Structure formats: structure tokens, C-alpha cells
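The primary structure of each chain is shown beneath.
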Amino acid sequence: MDEEKKKDNKKRKVSIITVFLWLLLIVTMSVITIGSIYKQNAIEDTIDKVTIKLDISQLDEEFLNEYSLMFEQDDSIMAGKTNSNEYIYLKFIQKENKIYTYELEKVPTEDIKLYMKYFDYYENENLLQSEIRYGEFVYYKEIKIEDLQSEYLFEVRGKK
């Protein structure tokens, strides 16, 4: 009989440890899931649209006449891509004086890179970073999801 009690005792110890580990796993996964949902909701609740403005007042009049329609109709002047290689589309909203306004079709849920081509682009008097992409020279702005703003303003200066 003593041997049977020892076996039962040993089985219970293993099962208590197993139950404890399962509960720990469930609690940990719940905390992670609730935290990520909370973070996602906080991002979606704070920013409902992202607006991008291009100030072209620094361009010469000859460039303005030649490229003004391109800013309104050419979808390839500005494009975005997420870290998971999903494309971000922009749509032209309006032109007010020499400022063209675009809007992202949807608020990004992950970090993005916004690519702009044909001209030199500045933000707060600083030239954006550049790279050669698909054989073309482009400027880009990396936007972290934590630092996402509802509006970005870029100055367009001179043709590349």
C-alpha cells in the first residue's frame, strides 16, 4: 500500500506542476494579446487619416507650368510601402495656392516608407534621405507607427 500512495503522490505533483505551467502560459498569452489589441486600438483611435502636403512654391515658374498636372494626376510621384511589402496608395485631394494635398487611402498599421521622385524633397529644411530604387533615384521618408502624425509637409525644390 505504501508504494501505491507514493505513486499517487508523484502523479499529483506532476499534474500540479503541469496545471501551473498551463495557467502561466494562458496568462502570459492573454497579457500579450490584450496589450497588442490595446496598442492597435490606441493607434487607430488617435489618427483617422494621414495627410501629406507638398509645397511647390520653391519651384521655378517653368517647372510649375510643365509639372503642375503631374502633381495632380500622376500616381507614381509618391508611393508608400509597409515593412511587409504592402503598397500604400495616395490620392490627390486638392491644390491650394502652391500646396498640393494628398491623403493615404488607409491609416497604416505598421511602419512605412514613403517614396517620392522627380524632385528634391525637404522636411523642416532638411533634405530627405535618398536611394536608387528600381533604377530610379528617389527620396524617402521612414514613418514609424509610434511616431505617426496626421499631417506631413514636404517642400519640393528643383528637379533631380
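Residues numbered from 1 in each chain as written. Predicted model: local features only at pLDDT ≥ 70, side-chain atom pairs only at ≥ 80, totals over all residues. Heavy atoms only, no water.

J.: Quick question: what am I supposed to make of the overall build of the protein here?
T.: The helix and strand inventory of the protein stands at two helices and 11 strands. Helices (α) and strands (β) of the protein occur, in sequence order from the N terminus, as α-β-α-β-β-β-β-β-β-β-β-β-β. For the protein, buried positions account for 32% of its 160 residues. Across the protein, contacts joining residues at least 24 apart in sequence account for 67% of those joining residues at least 6 apart. Counting only carbon and sulfur atoms, one obtains 52% of the accessible surface of the protein, whose full area is about 11200 Å². (Helix = DSSP H or I, 4+ residues; strand = E, 2+ residues; numbered from the N terminus. Buried < 20%, exposed > 50% of the residue type's maximum accessible area, 1.4 Å probe, protein only. Contact = heavy atoms within 4.5 Å. Areas by Shrake-Rupley, 256 points an atom, 1.4 Å probe, with all protein chains shown as cover.)

J.: Which parts of the structure should I look at to understand the pattern of salt bridges?
T.: For side chains bearing opposite charge, pairing can occur when the charged atoms are close. A full pass over the atoms with the stated rule returns seven salt bridges. Between Lys53 and Glu151 there is a salt bridge; the shortest N-O distance is 3.8 Å. Here Lys53, found in strand 1 (residues 51-55), pairs with Glu151, found in strand 11 (residues 151-159); they are 98 residues apart in sequence, far enough to count as distant. (Salt bridge = Lys/Arg side-chain N within 4 Å of Asp/Glu carboxyl O.)

J.: Where do I start with the pairing of strand 5 (residues 99-104) in this structure?
T.: When a strand is regular, its side chains alternate between the sheet's two faces. Most of strand 5 sits out of view: five of its six residues are buried. Here strand 1 runs beside strand 5; their pairing, made up of five bridges, is antiparallel. Counted as the bridge partner of Asp55 is Ile99 from strand 5. Sheet topology note: the strand 4 (residues 90-96)/strand 5 ladder contains six bridges and is antiparallel. Across the sheet, the residue bridging to Gln94 is Thr101, located in strand 5. Between strand 4 and strand 5, which pair antiparallel one after the other, the connecting turn spans two residues, and Asn97 there sits at a positive phi close to 55°. (Pairing = 2+ DSSP bridges.)

J.: Got a minute to help me understand unusual backbone geometry in this structure?
T.: Leaving glycine out, the prevailing phi sign among residues is negative, and the prevailing peptide bond configuration is trans. In the Ramachandran plot, Asn97 falls in the positive-phi region, its phi being about 55° despite a non-glycine side chain. In this structure, Asn124 takes a positive phi of about 55° despite not being glycine. Within the secondary structure, Asn124 sits in the loop between strand 7 (119-123) and strand 8 (126-127). Judged by its relative accessible area of 66%, Asn124 is exposed.

J.: Could you clarify how one ought to interpret a nonpolar patch on the surface in this entry?
T.: A cluster of nonpolar side chains, namely Ile17, Phe20, Leu21 and Leu24, defines an oily patch on the protein surface of about 420 Å² accessible area. Note on placement: Leu24 falls in helix 1 (residues 2-46). Of the residues examined, Leu24 reaches a relative accessible area of 46% and is grouped as partly exposed. (Patch = residues over 30% accessible without salt bridge, like charges linked within 9 Å, V, L, I, M, F, W, Y side chains within 5 Å.)

J.: Looking at this structure, how should I read the side chain of Asp120?
T.: Here Asp120 is to be found in strand 7. On the basis of relative accessibility, which here comes to 19%, the residue Asp120 falls in the buried class. Engagement of the side chain of Asp120 in a polar contact is seen with the side chain of Tyr139, the distance being 2.8 Å. (Polar contact = N/O pair within 3.5 Å; in protein donor to acceptor, adjacent residues only side chain to side chain.)

J.: Please explain the packing of aromatic side chains as it appears in this structure.
T.: We describe a pair of aromatic rings using the distance from one ring centre to the other and the angle between the two ring planes. A complete count under the given rule lists five aromatic pairs for this structure. Relative to Tyr100, the ring of Phe92 has its centre 6.0 Å away and its plane inclined at 45°; by these criteria the two rings are tilted. Owing to a relative accessible area of 29%, Phe92 belongs among the partly exposed residues under this scheme. You can call Tyr100 buried: its relative accessible area is 0%. Look at Tyr152 and Phe154: their rings are 6.5 Å apart centre to centre, the planes differ by 5°, and that puts the pair in the stacked class. By relative accessible area, Phe154 is classed as buried at 0%. (Phe/Tyr/Trp six-rings, centres within 6.5 Å; stacked < 30°, edge-to-face > 60°.)

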